[in-house]
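# Commentary on secondary and tertiary structure
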Amino acid sequence: MLRAAAVAALLPAACADPTAPTGGETDENRWGANTFLHLDSDRWRKQKTLEMAARAGLGWIKQHFPWEDIESLDKGQFLNPTWKHPTWDKYDEIVDLADENGLKIIARVDRTPAWARPEDSTPTEPPADLDDFGDFVTAIVRRYRGRVRHFQIWNEPNLAAEWGGKPPDATHYVKLLETAFSAAVGVDPETVILAAPLAATLEMSDRARNELVYLQQVYDVGGGDYFHIHSANAFGLAFPPEAPPDPKVLNFRRVELSRELMEQNGDRHKPIWFNEYGWNASPPDFSASQLTWARVTEDQQAEWTVRGVEFARENWPWAGVFNIWFLRRPFTDVDPSKSEYYFRMIDPDFTPRKVYKAVAEAANKR
């Protein structure tokens, strides 16, 4: 087990100052967006998506690298079972295209293949043997060394839906995070590990755990030793970006409460990057039961997305990259009858929305 002194020695230079908070290596560009390039089969669609990202002034993409897709057959087997070509090919292409368009990648790594988890479990189930996950992290860091430095380990483990349907377990998550951290920095000490973003929730049940409670539990079992950057989700719901934080309210500035916990646990030198960020502009005829993220107008979505980043730049020296949820998803992955569709910056047919145009204007002024 790597303890605090060893971890401090491995912190990248951008995060290493133990006295001053910093957003990390983001002075040039803090604009990013979530992409779903692994779901697009055509190279030209991936290329156009990233060209539009670059044209909008984005510097980062957060892209999924699902373990279950890359090592699907068995341990050490990286072969597509249908087409019999390397499963890495799809992701090599994504990394190549990001390089060509001047975009840095934050790689999300999770989703357990069937061979590495119990029968009748879902891909969100943590692996039966954590060393299997560590070996995969070793493989992906080694493959993209020097090209992809930032790796997010798992997603929203404070939700049962993202933890194999089981009650969230911070102790188990920290063991998984430690395994990934040790594997990654063992290959490349310049690797930057992002802890899993936690879903913002007021719930305290076996289905979902309040992210502030869960984050403290992570620290209680030593989890602060195993990440360089804390990830946060920051959805504004129906509130403008300047609305003050409140433990009983879900809004953009709620992340300040997580920041307070980090500082109380000795992590004021670490930045927070934003895994999913934005406001939802569902149609006005959607019912309240459909509006998981509430609703604003498209004009508000565009304006508030920019204002939120501007607020952070003025008030949060610890804030790093803002990955807007989301840039574009293919027709096969998103349903216009669902509220989530209306976060998009670009339609599946590449029509830019108002939020895309507003971000492009702001980001290209930097």
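What comes next concerns the included structure. What you see is a predicted model; the values in this text were computed from it and never measured.

This brings us to the packing of helix α9 (residues 298-315) against helix α10 (residues 354-363). The interhelical angle for the contact between α9 and α10, taken along N-to-C directions, is 25 degrees, at an axis separation of 8 Å. Viewed along their axes, α9 and α10 adopt a mutual orientation that is roughly parallel. Classified by chirality, the crossing of α10 by α9 is right-handed. Residues Glu298, Asp299, Gln301, Ala302, Thr305 and Val306 of α9 touch α10, and the partners they reach there are Lys354, Val355, Ala358, Val359 and Ala362. Of the residues in the contact of α9 with α10, the class split is six nonpolar, two polar and three charged.

What follows deals with unusual backbone geometry. For the peptide bond that leads from Trp325 to Phe326, omega is -5 degrees, which places it in the cis range. Secondary-structure assignment places Phe326 in strand β8 (residues 319-328). Residue Glu156 is not a glycine yet carries a positive backbone phi of 45 degrees. A relative accessible area of 11% means that Glu156 is categorised as buried. Positive phi is not limited to glycine here, since Ala294 has a value of about 60 degrees. Here Ala294 is to be found in the loop between β7 (272-278) and α9.

In the structure shown here, the tally under the stated rule is 31 salt bridges. Ionic pairing is found between Arg111 and Glu68, a salt bridge with its closest N-O pair at 2.8 Å. Note that Arg111 is positioned in the loop between β3 (104-109) and α5 (130-143) and Glu68 in helix α3 (residues 67-70), a separation of 43 residues in sequence. In this structure, Arg353 and Asp347 form a salt bridge, with 3.1 Å as the shortest nitrogen-oxygen distance. The pair Arg353 / Asp347 is uniform in exposure class, with both members buried.

Attention now goes to the packing of helix α2 (residues 43-55) against helix α4 (residues 88-100). Running from N to C, α2 and α4 cross one another at 35 degrees; their axes reach a closest spacing of 10 Å. Where α2 crosses over α4, the handedness of that crossing is right-handed. Together, Arg43, Lys46, Gln47 and Leu50 of α2 and Lys90, Glu93, Ile94, Leu97, Ala98 and Glu100 of α4 make up the contact between the two elements. Here the residues of the contact of α2 with α4 are counted per class, giving four nonpolar, one polar and five charged.

About the cut-offs
Residues take numbers from 1 onward in each chain, read along the sequence in its written order. Given that this is a predicted model, residues contribute local features only at a pLDDT of at least 70 and side-chain atom pairs are listed and counted only at 80 or more, while totals for whole chains, interfaces and linings are drawn from all residues. Each side-chain value is derived from all of the structure's non-hydrogen atoms; neither hydrogens nor water enter the calculation. Between N-to-C directions, angles cover 0 to 180 degrees, with each direction set by a line fitted to C-alpha atoms, over the stretch in contact for helices. Under the scheme used here, helices are H or I runs from DSSP no shorter than 4 residues and strands are E runs no shorter than 2 residues, and both carry numbers assigned from the N terminus. We call two directions roughly parallel when the angle between them is under 35 degrees, roughly antiparallel when it is over 145, roughly perpendicular when it lies between 65 and 115, and oblique otherwise. Each helix crossing is assigned a hand: it is left-handed if the near helix lies turned anticlockwise from the far helix by less than a right angle, otherwise right-handed if that turn is clockwise. Note on definitions: a residue-residue contact is assigned when non-hydrogen atoms from the two residues lie within 4.5 Å. Polar here means any residue other than Ala, Val, Leu, Ile, Met, Phe, Trp, Tyr, Cys and Pro, which are nonpolar, and Asp, Glu, Lys and Arg, which are charged; Gly is therefore polar. To sort residues, take the accessible area from a 1.4 Å probe on protein chains only and compare it with the maximum for the residue type: under 20% means buried, over 50% means exposed, and anything in between is partly exposed. Here, a salt bridge means any side-chain nitrogen of Lys or Arg that lies within 4 Å of a carboxyl oxygen of Asp or Glu.

Worth remembering: the numbers are spatial, not functional.
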